[in-house]
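A look at the structure
Each chain, letter by letter, is given below.
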Amino acid sequence: QKDPSSEIGIEAAYRAATTQSLFLNEQLPALRKLNRIIEVNREHRLAQGANKLIGDILFSKLEQYEQAIQHYERMLEEYPDDPNRDEYAFRIGKAQFHLLKFDASIKTFRVVAEKYKGSE
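Since the structure is predicted, the reported quantities are computational estimates derived from the model, not experimental observations.

Some details on the pattern of salt bridges
- By the definition in use, this model includes nine salt bridges.
- Of the charged contacts in the structure, one is a salt bridge between D56 and K52, with a shortest N-O distance of 3.7 Å. Of this pair, D56 and K52 both sit in helix α3 (residues 47–61), four residues apart, which is roughly one turn of the helix.
- On the accessibility criterion, D56 (22% relative accessible area) is partly exposed.
- Between R91 and D56 there is a salt bridge, with the nearest N and O atoms lying 2.6 Å from each other. A residue pair is termed long-range when its members are at least 10 positions apart, and R91 in helix α5 (residues 85–98) and D56 in helix α3 qualify at 35 residues.
- The network of salt bridges with common partners includes K52, D56, E87 and R91.

With respect to helix α2 (residues 27–40)
- Helix length check: α2 (14 residues) gives 20 Å between terminal C-alpha atoms against 20 Å at 1.5 Å per residue, within 8%.
- Within the span of α2, buried status applies to Q27, A30, L31, L34, I37 and I38. What you see down the axis of α2 is that its buried residues fit within an arc of 120°, all on one side. With respect to the buried face of α2, the exposed residues turned more than 90 degrees away are L28, R32 and E39.
- Where α2 is buried, its residues contact α1 (7–22) and α3.

With respect to the side chain of R91
- By relative accessible area, R91 is classed as buried at 14%.
- Every residue in contact with R91, bar those within four places of it in the chain, is listed here: G55, D56, F59, S60 and Y72.

As for the nonpolar core
- Counting residues in each nonpolar core, the largest one holds 24 residues, and the members touching the most others are L34, I37, I54, I57, F59 and Y72.
- Listed by contribution, the elements that provide at least two residues to this core are α1, α2, α3, α4 (65–78) and α5.

Considering the packing of α2 against α3
- Interhelical geometry of α2 versus α3 gives an angle of 150° and a closest axis separation of 9 Å. By the criterion of interaxial angle, the relationship of α2 to α3 is roughly antiparallel. Our pair here, α2 against α3, has a crossing hand that is left-handed. On the side of α2, the interface is formed by Q27, A30, L31, L34, N35, I37 and I38, while α3 contributes A47, A50, N51, L53, I54, I57, L58 and K61.
- Looking at the contact of α2 with α3 residue by residue, the class counts come to eleven nonpolar, three polar and one charged.

Considering unusual backbone geometry
- The phi torsion at N25 lies on the positive side, around 55°, for a residue other than glycine.
- In this fold, N25 is placed in the loop between α1 and α2.
- Exposure remark for N25: the relative accessible area of 59% places this residue in the exposed category.
- Despite not being glycine, E63 has its phi angle at roughly 55°, a positive value.
- Assignment of secondary structure puts E63 in the loop between α3 and α4.

Criteria and cut-off values
In every chain, residue numbers begin from 1 and rise along the written sequence. This being a predicted model, a pLDDT of at least 70 is required before a residue's local features are given, and a value of 80 or more before pairs of side-chain atoms are given or counted; all residues contribute to the totals for chains, interfaces and linings. In computing side-chain values, all of the structure's heavy atoms are included and hydrogens and water are not. Take a side-chain nitrogen of Lys or Arg and a carboxyl oxygen of Asp or Glu: if they are within 4 Å of each other, that pair is a salt bridge. Only DSSP runs of H or I reaching four residues or more are called helices, and only runs of E reaching two or more are called strands; each is numbered from the N terminus. A simple rule labels every residue: compare its accessible area, found with a 1.4 Å probe on the protein chains alone, to the largest value its type can have, and call it buried under 20%, exposed over 50%, or partly exposed in between. For a helix, the expected span equals 1.5 Å multiplied by the residue count minus one. Regarding the arc, it is the one traced by the directions from the helix axis to the C-beta atoms. In what follows, a contact means two residues having at least one pair of non-hydrogen atoms within 4.5 Å. Definition of nonpolar core: a set of buried residues of the types Ala, Val, Leu, Ile, Met, Phe, Trp, Tyr and Cys, connected through side-chain atoms within 4.5 Å. Axis definition: a line fitted to C-alpha atoms, limited for helices to the stretch in contact. Angles are taken between N-to-C directions and run from 0 to 180 degrees. Any angle that is under 35 degrees is reported as roughly parallel, and any over 145 degrees as roughly antiparallel; angles of 65 to 115 degrees are reported as roughly perpendicular and all others as oblique. Left-handed describes a crossing in which the near helix is turned anticlockwise from the far one by less than a right angle; the clockwise case is right-handed. Basically, the charged four are Asp, Glu, Lys and Arg, the nonpolar ten are Ala, Val, Leu, Ile, Met, Phe, Trp, Tyr, Cys and Pro, and anything else, Gly included, counts as polar.

This is how it looks when you write it as structure tokens:
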């Protein structure tokens, strides 16, 4: 139970990171915990949720748009069946917009509109 790579250790780290991000506004410690979960076991059932939360923190909380773009691009590659792919692609376009990369943003939004027609 004291082993951070055990099932209980990974669950505890995930819950602690979620609490730090959502309720305590401690984004950097939350990112460290989430990255550690992924380093310990990429195939763990919480790894995809940890990756999603990392993207949310980079994009929404820290406004680190370059890093968010890179992160969401990796997620699109790593999780082909993720039901949130439309949101990741949209956030890539929005991050490009915030970085004043308007041509890239328009191109990305066109892809989103074409590829995810049924999406919000």
